[in-house]
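As a plain string of letters, each chain reads:
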Amino acid sequence: MMRAASIAFAFIAALWFPWPLAILGMCLAAAYEPLAALAVGLFADALYFTHGAYPFPLMTLVGAGAALGAVLVRKFFETRIIAG
């Protein structure tokens with residue numbers, strides 16, 4: 001239930017809230033499902049990307065970074081804490 005709620009909050013935050021709260025929701029969703037951060041970043045850029053405003057899809061790159069960070073943290077917890 002918490003996984004679905006965090007992913008739903010991340011998508012809603014990308015629609016209704018300013019970008020810092022959208023990134024916070026993205027990181028919260030990445031804690032449960034790492035690829036959700038990338039999906040929210042792609043969703044936000046699909047909605048708000050303006051050609052010429054900035055030269056690269058910023059939220060997609062932030063989402064990819066959050067997803068990569070979540071995967072690395074998840075691997076660390078699996079090997080150190082859960083398996084220990």
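Residues numbered from 1 in each chain as written. Predicted model: local features only at pLDDT ≥ 70, side-chain atom pairs only at ≥ 80, totals over all residues. Heavy atoms only, no water.

**Some thoughts on the packing of aromatic side chains**
Next up, step 1: Applying the stated criterion across every chain, the model contains 2 aromatic pairs.
Next up, step 2: Both rings, one in Phe9 and one in Phe17, keep their centres 6.3 Å apart while their planes meet at 40 degrees; by these two values the pair is tilted.
Next up, step 3: Ring geometry for Phe11 versus Phe43: centroids 5.2 Å apart, planes at 70 degrees, classification edge-to-face. Of this pair, Phe11 sits in helix H1 (residues 2–16) while Phe43 sits in helix H3 (residues 34–48); the two residues are 32 residues apart in sequence, bridging distant segments of the chain.
Next up, step 4: Residue Phe43 is classed as partly exposed on the basis of its relative accessible area, which comes to 27%. (Phe/Tyr/Trp six-rings, centres within 6.5 Å; stacked < 30°, edge-to-face > 60°. Helix = DSSP H or I, 4+ residues; strand = E, 2+ residues; numbered from the N terminus. Buried < 20%, exposed > 50% of the residue type's maximum accessible area, 1.4 Å probe, protein only.)

**Topic: the pattern of salt bridges**
Proximity of charged atoms lets side chains of opposite charge pair with each other.
Next up, step 1: Taken as a whole and judged by the stated rule, the model has 1 salt bridge.
Next up, step 2: The closest approach of N and O atoms between Arg3 and Glu33, which form a salt bridge, is 3.9 Å. Of the two residues, Arg3 is situated in helix H1 and Glu33 in the loop between helix H2 (19–32) and H3; the sequence distance between them amounts to 30 residues. (Salt bridge = Lys/Arg side-chain N within 4 Å of Asp/Glu carboxyl O.)

**Notes on a nonpolar patch on the surface**
Next up, step 1: A grouping of Ile12, Leu15, Trp16, Phe17, Leu47 and Tyr48 is seen on the molecular surface, where their side chains present a nonpolar patch of about 630 Å² in accessible area.
Next up, step 2: The set of elements that each furnish at least two residues to the nonpolar patch consists of H1 and H3. (Patch = residues over 30% accessible without salt bridge, like charges linked within 9 Å, V, L, I, M, F, W, Y side chains within 5 Å. Areas by Shrake-Rupley, 256 points an atom, 1.4 Å probe, with all protein chains shown as cover.)

**A closer look at the side chain of Thr60**
Next up, step 1: Note that Thr60 resides in helix H4 (residues 58–82).
Next up, step 2: By relative accessible area, Thr60 is classed as buried at 14%.

**Observations regarding the side chain of Ser6**
Next up, step 1: You can see Ser6 is positioned in helix H1.
Next up, step 2: Once residues within four sequence positions are removed from consideration, Ser6 is found in contact with Gly25, Leu28, Ala29 and Tyr32. (Contact = heavy atoms within 4.5 Å.)

**Section: the nonpolar core**
Next up, step 1: Ranked by size, the top nonpolar core spans 14 residues in total, and within it Met26, Ala37, Val40 and Met59 carry the most contacts.
Next up, step 2: Mapped onto this core, the elements with two or more residues apiece are H1, H2, H3 and H4.
Next up, step 3: Sorting elements by how many residues they give to this core places H2 first, with 5 residues.
Next up, step 4: Excluding residues within four positions of it along the chain, Val40 makes contact with Ala10, Phe11, Ala14 and Met26. (Core = buried A, V, L, I, M, F, W, Y, C linked by side-chain atoms within 4.5 Å.)

Treat this as a map of the structure, not an account of what it does.
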